[in-house]
Each structure stands twice: as structure tokens, then as C-alpha cells.
Amino acid sequence: MASRTTFAAALALHLSGCALGFDYHECNKDADCPTVSGQKLSCTSEGLCVAGTPASQLCTRTHPQNPAAGAVPIGAIMRLSLMSGADTFLLQAVQLGVDEVNSFVGAGQRPVALHICDSGRSPEDASKALRVLLSERKVAAVVGPSTSREALAVAKVAGDAQVPLVSPSATAASLMDLQQKDYVYKIAPSDNQQGPVLARLVKERSGSAAKVALIYVDDAYGTGLQGAVSVSLPSSPELVQSFKEGDAKTINAAIMAVKAKGSALTDVIIIANPDAAEFARQLESLPKPPMMGTGGVRIYMTDGAKNDSLLALARDNLPAWTEHLRRLSGTSPTAEGNAYKAFETAFRGKFGQSPTSDAFAPYAYDSFYALAVALGAGQSGPQVAAGLRRFTGNAAPSAVGGSDYLKAVGRMEKGESFPLSGVTGTIRFKDGSREGGLFEEWSISPTDTSKFQSRLIQ
Amino acid sequence: MKARRSAPLRPLLFCLCALLPQAAAFGQEPPPSGTPADETAQRLSDEGLEAYRAGKYETAARLYKQAFQVRGDPALLYNLARTYEKMGKASLAVEYYRRYLVAEGTDPKLRARAEERVSSMTSAAPPPPGTKATKAAEPAPPPQQTKKPLSPGSKLLWAGVGLGAAGVAGLAVGIGLYGAAASAYGEFNGTTDELDKIAARDRAQGFAVGSAVGYAVGGALAAGGAALIGVGLYKLRGERKASRVMILPLPGGAAASLAGAF
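Only a predicted model underlies this, so the values are computations on that prediction, with no experimental measurement involved. (Residues numbered from 1 in each chain as written. Chains lettered and ligands numbered in written order. Predicted model: local features only at pLDDT ≥ 70, side-chain atom pairs only at ≥ 80, totals over all residues. Heavy atoms only, no water.)

(A) Spotlight on the overall build of chain B. In terms of regular secondary structure, chain B is built from 7 helices and 2 strands. Helices and strands appear in chain B in the N-to-C order α-α-α-α-α-α-α-β-β. Looking at the 262 residues of chain B, the share that counts as buried comes to 45%. A total accessible area of about 12500 Å² is found for chain B, and carbon and sulfur atoms account for 62% of it. (Helix = DSSP H or I, 4+ residues; strand = E, 2+ residues; numbered from the N terminus. Buried < 20%, exposed > 50% of the residue type's maximum accessible area, 1.4 Å probe, protein only. Areas by Shrake-Rupley, 256 points an atom, 1.4 Å probe, with all protein chains shown as cover.)

(B) Representation of the pairing of strand β12 (residues 239–243) of chain A. Residue and element names in this part refer to chain A. Summarising the sheet, strand β11 (residues 212–217) and β12 pair through 5 bridges and their orientation is parallel. When the sheet's bridge partners are listed, alanine 213 is paired in β12 with leucine 239. Assessed by its sense of winding, the connection that carries the chain from β11 through helix α7 (residues 220–230) to β12 is right-handed. (Pairing = 2+ DSSP bridges. Right-handed = clockwise from strand over helix to strand, strands pointing away.)

(C) Quick look at empty space enclosed by the protein. Residues and elements named next belong to chain A. Tallied over the full model, the rule gives 5 cavities of 30 Å³ or more. In this structure, the largest cavity encloses a volume near 160 Å³. Arg79, Ser169, Asn273, Gly304 and Phe360 are the residues nearest the centre of the largest cavity, which is lined by 19 residues in total. The class makeup of the residues in the lining of the largest cavity is 6 nonpolar, 8 polar and 5 charged. (1 Å grid on protein atoms, 1.4 Å probe; cavity = no way out; pocket = protein on both sides within 12 Å on 5 of 7 lines; lining within 4 Å. Points joined across faces, edges and corners; volume = space filled by probe spheres on them. Nonpolar A, V, L, I, M, F, W, Y, C, P; charged D, E, K, R; others polar.)

(D) How the structure looks around the confidence of the model for chain A. Averaged over every residue, the pLDDT of chain A is 89; residues scoring 70 or more account for 94%. Element-level pLDDT for chain A is lowest in helix α1 (residues 2–20) of chain A, with a mean of 62, against a maximum mean of 97 in strand β8 (residues 141–143) of chain A. (pLDDT = per-residue confidence, 0-100.)

(E) Up close: a nonpolar patch on the surface. Together, A:Leu20, B:Val209, B:Val213 and B:Val217 give the surface a local cluster of nonpolar side chains, amounting to about 330 Å² of exposed area. Relative to the assigned elements, B:Val209 resides in helix α7 (residues 194–241). With relative accessibility at 46%, the residue B:Val209 sits in the partly exposed group. (Patch = residues over 30% accessible without salt bridge, like charges linked within 9 Å, V, L, I, M, F, W, Y side chains within 5 Å. Salt bridge = Lys/Arg side-chain N within 4 Å of Asp/Glu carboxyl O.)

(F) Region of the structure containing the state of the cysteines. All names here are of chain A. Summed over all chains, the structure comprises 3 disulfides over all chains. With a sulfur-sulfur separation of 2.1 Å, cysteine 27 is cross-linked through a disulfide to cysteine 43. Its S-S torsion of approximately 95 degrees makes the covalent link between cysteine 27 and cysteine 43 right-handed. Here the residue cysteine 27 occupies a position in the loop between α1 and β1 (35–36), and cysteine 43 occupies one in strand β3 (residues 42–43), the gap between them amounting to 16 residues. Disulfide pairing is shown between cysteine 33 and cysteine 49; the S-S distance is 2.1 Å. Sign of the S-S torsion, about -85 degrees for the bond between cysteine 33 and cysteine 49, identifies this disulfide as left-handed. With a gap of 16 residues between them, cysteine 33 in the loop between α1 and β1 and cysteine 49 in strand β4 (residues 49–50) connect regions that are remote in the sequence. When its relative accessible area of 4% is taken as the criterion, cysteine 33 is described as buried. Cysteines bonded in chain A are numbered consecutively along the chain; their disulfide partners then correspond to 1-3, 2-4, 5-6. (Disulfide = S-S within 2.5 Å.)

(G) Summary view of the interface of chain B and chain A. Each side of the interface is counted separately: chain B has 26 residues, and chain A has 28 residues. Of the roughly 2300 Å² buried where chain B meets chain A, counting both sides, 71% is carbon and sulfur surface. A per-residue breakdown of the area chain B buries against chain A is headed by B:Thr192, B:Glu194 and B:Leu195, which together make up 28% of the total. Counting the contacts that link chain B with chain A gives 5 salt bridges. Between B:Arg201 and A:Glu46 there is a salt bridge, with its nearest N and O atoms 2.8 Å apart. Put simply, chain B and chain A have 8 residue pairs in polar contact (both at pLDDT 80 or more) between them. The set of elements that each furnish at least two residues to the side of chain B that touches chain A consists of α6 (152–190) and α7 of chain B. When the residues that make up the side of chain B that touches chain A are grouped by side-chain class, the tally is 18 nonpolar, 3 polar and 5 charged. (Contact = heavy atoms within 4.5 Å. Buried area = accessible area lost by both parts, 1.4 Å probe. Polar contact = N/O pair within 3.5 Å; in protein donor to acceptor, adjacent residues only side chain to side chain.)

(H) Structural context of the nonpolar core. All names here are of chain A. Ranked by internal contacts, the top residues of the largest apolar core, which has 56 residues, are Phe343, Leu388, Phe391 and Leu420. Secondary structure elements with two or more residues in this core: β6 (72–78), α3 (88–102), β7 (112–118), β8, α12 (338–351), α13 (361–374), α14 (381–389) and α15 (403–413). It is α13 that provides the largest number of residues to this core, a total of 11 residues. The contact partners of phenylalanine 391, leaving out residues within four places of it in the chain, are Ala370, Val373, Ala374, Met412, Phe418, Leu420, Ile427, Arg428 and Phe429. (Core = buried A, V, L, I, M, F, W, Y, C linked by side-chain atoms within 4.5 Å.)

(I) Region of interest: the pattern of salt bridges. Taken as a whole and assessed by the stated rule, the structure comprises 29 salt bridges over all chains. Because the salt bridges share partners, they merge into one network encompassing A:Glu204, A:Arg205, A:Glu441 and A:Arg455.

(J) Quick peek at the packing of aromatic side chains. Scanning the model with the defined rule gives 23 aromatic pairs over all chains in all. Taking 4.7 Å as the distance between ring centres and 45 degrees as the angle between the ring planes, the aromatic pair formed by A:Phe343 and A:Tyr365 counts as tilted. Note that A:Phe343 is positioned in helix α12 and A:Tyr365 in helix α13, a separation of 22 residues in sequence. Residue A:Phe343 is classed as buried on the basis of its relative accessible area of 2%. Plain terms: the ring middles of B:Tyr78 and B:Tyr97 are 5.8 Å apart, the flat faces sit at 65 degrees to each other, and that makes the pair edge-to-face. Pair noted here: B:Tyr78 is in helix α3 (residues 74–87) and B:Tyr97 is in helix α4 (residues 90–102), with a separation of 19 residues, a long-range link. With respect to burial, B:Tyr78 and B:Tyr97 carry one shared label: buried. Here the aromatic residues A:Phe89, A:Phe104, A:Tyr340, A:Phe343, A:Phe347, A:Phe351, A:Tyr365, A:Phe368, A:Tyr369 and A:Tyr405 are joined through ring pairs into a cluster of three or more. One Lys or Arg, A:Arg411, reaches over the ring of A:Phe418 and ends 4.3 Å from the middle of that ring. (Phe/Tyr/Trp six-rings, centres within 6.5 Å; stacked < 30°, edge-to-face > 60°. Lys NZ or Arg CZ within 6 Å of the ring centre and 35° of its normal.)

(K) Highlighting the sheet that holds strand β15 (residues 328–334) of chain A. Residues and elements named next belong to chain A. Sheet architecture is open: 7 strands sit in the order β12-β11-β13-β14-β15-β21-β22, paired in mixed fashion. Looking at which strands have only one partner, the edges of the open sheet turn out to be β12 and β22 (452–457). This sheet shows a mean twist of 20 degrees between the axes of neighbouring strands, independent of strand direction. As paired elements, strand β13 (residues 267–271) and strand β14 (residues 298–301) share 4 bridges and run parallel to each other. (Axes fitted to C-alpha atoms, helices over the stretch in contact; angles between N-to-C directions.)

Right, dumping it as C-alpha cells:
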């Protein structure tokens, strides 16, 4: 018996020692981590080798910095590191909305805390950010992510968790095909609407004999919009070529293909997000249209290109690029009216600059307000999603901002269905997509490169 | 000299008394515990109790005497006293009460009652033979069924077995949790997804701690159980070996008593 007891004790010590002795520390720095499936792993602050950006670097901020007790947690997933913070204006627009809503706390409204996450370097990072928001921050809803590719990548996570996302700038038509459409909403008009608008511009400038090169980013946004443009053009494109986002090799290949066509083209359409500025820079050598008459190559871009990096590029190359900038324009969802002007004024007053540098800033503002009003239906994910679905019908709309917000929440609490009158127009959702929408043609002001100029396209 | 009442599983104390009318087996070796003779004594005692309860006091007295001849349990002396008292044979009852009082290993409560009965019957006029005792003379409890408590060695043995079983269960839990920890550690190493990795790590660490606790508690219980079993076995061995002769001071003369543990 004694020998058996001794054996059991020894076995126990041996085995428990093994389990407690498992080594969970894999690295001290990124260089310690291996490359797995072609992807270099990163070292986290906890000493783990992981794919993508470490979570501790993704979700680092809240707004307000010290949320009030009992504040309803709302998430935001934006591109804050990529492209030097491409979604800075979107985030500021959301923060403006949070501050306005929190100013009504005394009127019986619960405060809101915005948990801000960077979407990192890839859709996988965006998915990780959403999982952090869900598991650690317990958010009831999320504004973002901002691109169609990221929205598609996180849709399943949101659907499984039954927490609604409202993307301020995802426009891919394929988002309408998602199984999780109850939990993925896009507030910007669909690319199915933008494609014909862009094709109409080409037709107006170059006629039915237009010879078009169509370059698009190889993702859901680029593929969807390319298809919508192609079917609306007066004739089949001379060149259709894709590239991978951020991939210099495929970007250069596309640029060389366009240059090879050169003066045989009348129009080049670039569907790109962060790489648009690089295309603008390298296509400067294409023949420029004369001030009067025909000839030269016009360059069109889309909503993804309307951002500060394009303005910075233009600013750095003036005055040599004056002619080049004059032939460069693009389409984008837009906003107008008194509500938009009030938003613009409030934005400028709070952040000292105009939100017009990013076409989707007002959409981000409306995204947040849509969620804030939908919270009147309840504070669980499914309840908020049900609230978003009630932005429909032909009842009198309720406006966002000011005391109108309280009226909208009151209607939501009563279970009414009604459209929301946002700064981007009337918001109605159908299968997760917004119905209707306004578009503009934007271009860079040749005299003031700090801003875009635009005209509404009816 | 104090007689040891403990024996392996069934303690036995017997007394061979010259003064006992039916003690024909003076000097006889006591039967070992658990033997057929012991079982016979138990059966006779049970039948005596049954007869007593049925009011068949003569039969009860005979059976108790036979039982006492087989096994010298002092409780049988008490039972005989009570039976004689019921029969109205006060002198015999007093004699047996007294013999119970001088016997070793008697129950304190019964001793108190026996003393009370002796005092009561020797101070009061004995009732006529064949009549029932008065109500005042009735406080004595009915005859006691003789029970054989577990010996300390047996108690230790069984406690050790129970503790050891709990220890083995604890060790089994520890091994199970170790398996769960190893599985979670495998998941930790097999994924590059940060959140999955952290979840697997936390699970593995939790299981590892649980495993260690299972091993520690289970090991301690098993060791304690083994120790108790060892001590219990040692005591039982000692109880079997222990036996000695003792002189019991009994009324009317000395009696030889042989006490042993079997």
C-alpha cells in the first residue's frame, strides 16, 4: 500500500508539474515570431506570437475619455492607422454625435460611451477589433467598419453575436446578399447607384464613342462598383484591370497598362481606396485635355479616393499639376440641405476644420444617430437591430440633432416605424441597405488644395 | 486490571465465575469472536429478549444463562437480573445486579440503574413470589440487546478506506484536468488567432491549477487514507494477539476471568 501511495504521489507531482509548467511565453519582440502561411506573426505585450495587429494596439480609446457610470457602450471600428488615419473625419463626426447625445442625459437619456478601435492592417484585424468590442467592451452596437471588404469580413462575427453594425461608408452591393443582413447596415448609397452616375459623367464628357480604361481594386467594393460602371458605360471598356490594395507590383502593372494605351483612351476610371493617390501621381503624364475642344484623357475616381491624402498630393505638386487636377474628378455620395449645413457648422466649431474632406463624414454622423435613436427600442443587440429595421415607411420623418433627437427616441420607445431625417437626407433601411441617396461630382479646387469642390448630380 | 473489550470487529468479554450456578465451564477458554459459538450466544441472547418481551420470563432466564455460558457478556447479567425481577425473584435479581456491578466493561448508565435497583430492592420488602413489581420498582429499563461495537482498529481501517477512496477520486480528477489542460495547450500552440490563443491559454492555465489542486488534495487524502489503513491493520493485529487472565472481585469470593481479544 505504501509503495502504491508513493507511486501515486510521484505521478501526481509529475503530472501537475507538467500542466503548471506549460510555457505560454512565445516572444519578447516581433523578430522572435515565425512566419506562418506566408504571414509574419506579431509579438503581443503578453508575449504571444499572433497573426495581424495585436489587440492591445487596436482598441485603445474611449470617448468620452472617462465615460459616465451606466453609459451604454457603443463601438466604433475605423481606419485610424492605415493611410495615416483615413477615417479621422468619420470618427470625429461620430464623436460629435456622442457629445450631442450625452448633452441630453439630463433629459432622461442614458449616456453613451464610444469604444474606439482601429481596423488595423487587414480585414482580419477589423474582425479581431469587433471581437474585442463584443467580448471585453460588451457593446450593444457598432459604427463601422468603414470599407466594404472589412464589413464583409466581420459580418459573420456580428451576426453570430447578434450585435448590429452600421457602416458609414461601405457601399458594396454584395453587402445586400449577406445572410446577416439583420445585423449589417450600410447607410451610404449602394455602388449599384454610384456606378450609373459615374458612367453618365463619362458619357456627358466623351460621348458614346468614349474609350475607357477601368482599373479597380480587387475586393468586394472594387469588383461590385466596376460591374455597376461597366454595364452603364456607352460602350465596352478598352481596358479592364484589377490590382491588389497596397500591392505595388499589381498597382504598377495597372498603371503601365493604362500608359500603354495612352492617347488611345478618352477616360480612365480608377476605383481605389488608399491607393488612389498613387494612381493620381503616376498618371499625371497621360495626355491632358485642352481647355477648349476635345482630346486628352480624363481621369475619374470614386468615393474611396475623396480623402485628405489626395489633397496633400495636389498641394505638394502645385502649380505644376494645375492642368492635371483639372481633368481629375470623381463621384461620391453626398449630403446637402440645412441639416447638413448645421452639421458642418458644428463640426467646424468643434474640430476647427470642414468635414467636406471626407464624403462620408456626414454618413458617419448619421450612422451614430441611427444607432442612438434605435437604442430607444432596447439596449440589447437584437433590440437595437429591430429598432434600425423600423426606419422605414412613409410616416413623417424624425430629425437627428438637437431636441428632435429626443422626439425620435420617444417614437422609437413607443414602437413606431418612421424614416429618420439625417444630415445626409432621409434614411430608410431595406434588407440592411439604405434606400435612395444623393451623389456629387467632386474635384480638387485648383486654387485652394485644402478642400474639394463639388456639384450635386441630380 | 482493566479488561480490553475490543476484538477484531466483534469485541468479546467473558467471565468464568465459580459463583454462577450454571457456570459449569469454569476455566474454559473463551470462544473466539466471530466463531459459531459467538453466533450461538448472540442467537440465545436475541431469543431471550424475545421471550422477555413476550412475558415468558422463565424461558428468557434460561436462554440468558445459556448465552452467558457461551459468552460472558456482563450485559447478560443485567438482563438476567431484570428477568428475575420481573419474575418476582428479588434475591436472585439483586445477586445478578451485584454481579453486573462488579463486572468489567459495563455501561455506566446501566450500572447506575443496577445500583438503584439493588438499593431499592434491598431496602424494601421483597414482593411475594410470582407477583409483579410495583410501579415504583419499575424504573429499570428493559433488557438491553447486546451490540458489538467496532473496534478502534476496524474504525481506523474503514476510515482509511473511505479517505483513500476520496483520494483516488481526487487524483482521477487531477488526471482528467491535466488532460483538459494539455488539450487546451495544444489549441494554444495550434492557433495564431490572438483571441483564440488567449482563450486557450486561460483555459489551459485554469485546468492546470485545477489539476494541481486535484493532485494535491487527492494525494493528501490518499496518503492519509493509507496511513489510517496501516495503523488500523496494526491495531487489529495487536488486538488479535492480546489476551490475558484477570481476577474479578465478585461478591462471595474471587473468580477467575480470562479476557481476550480475538
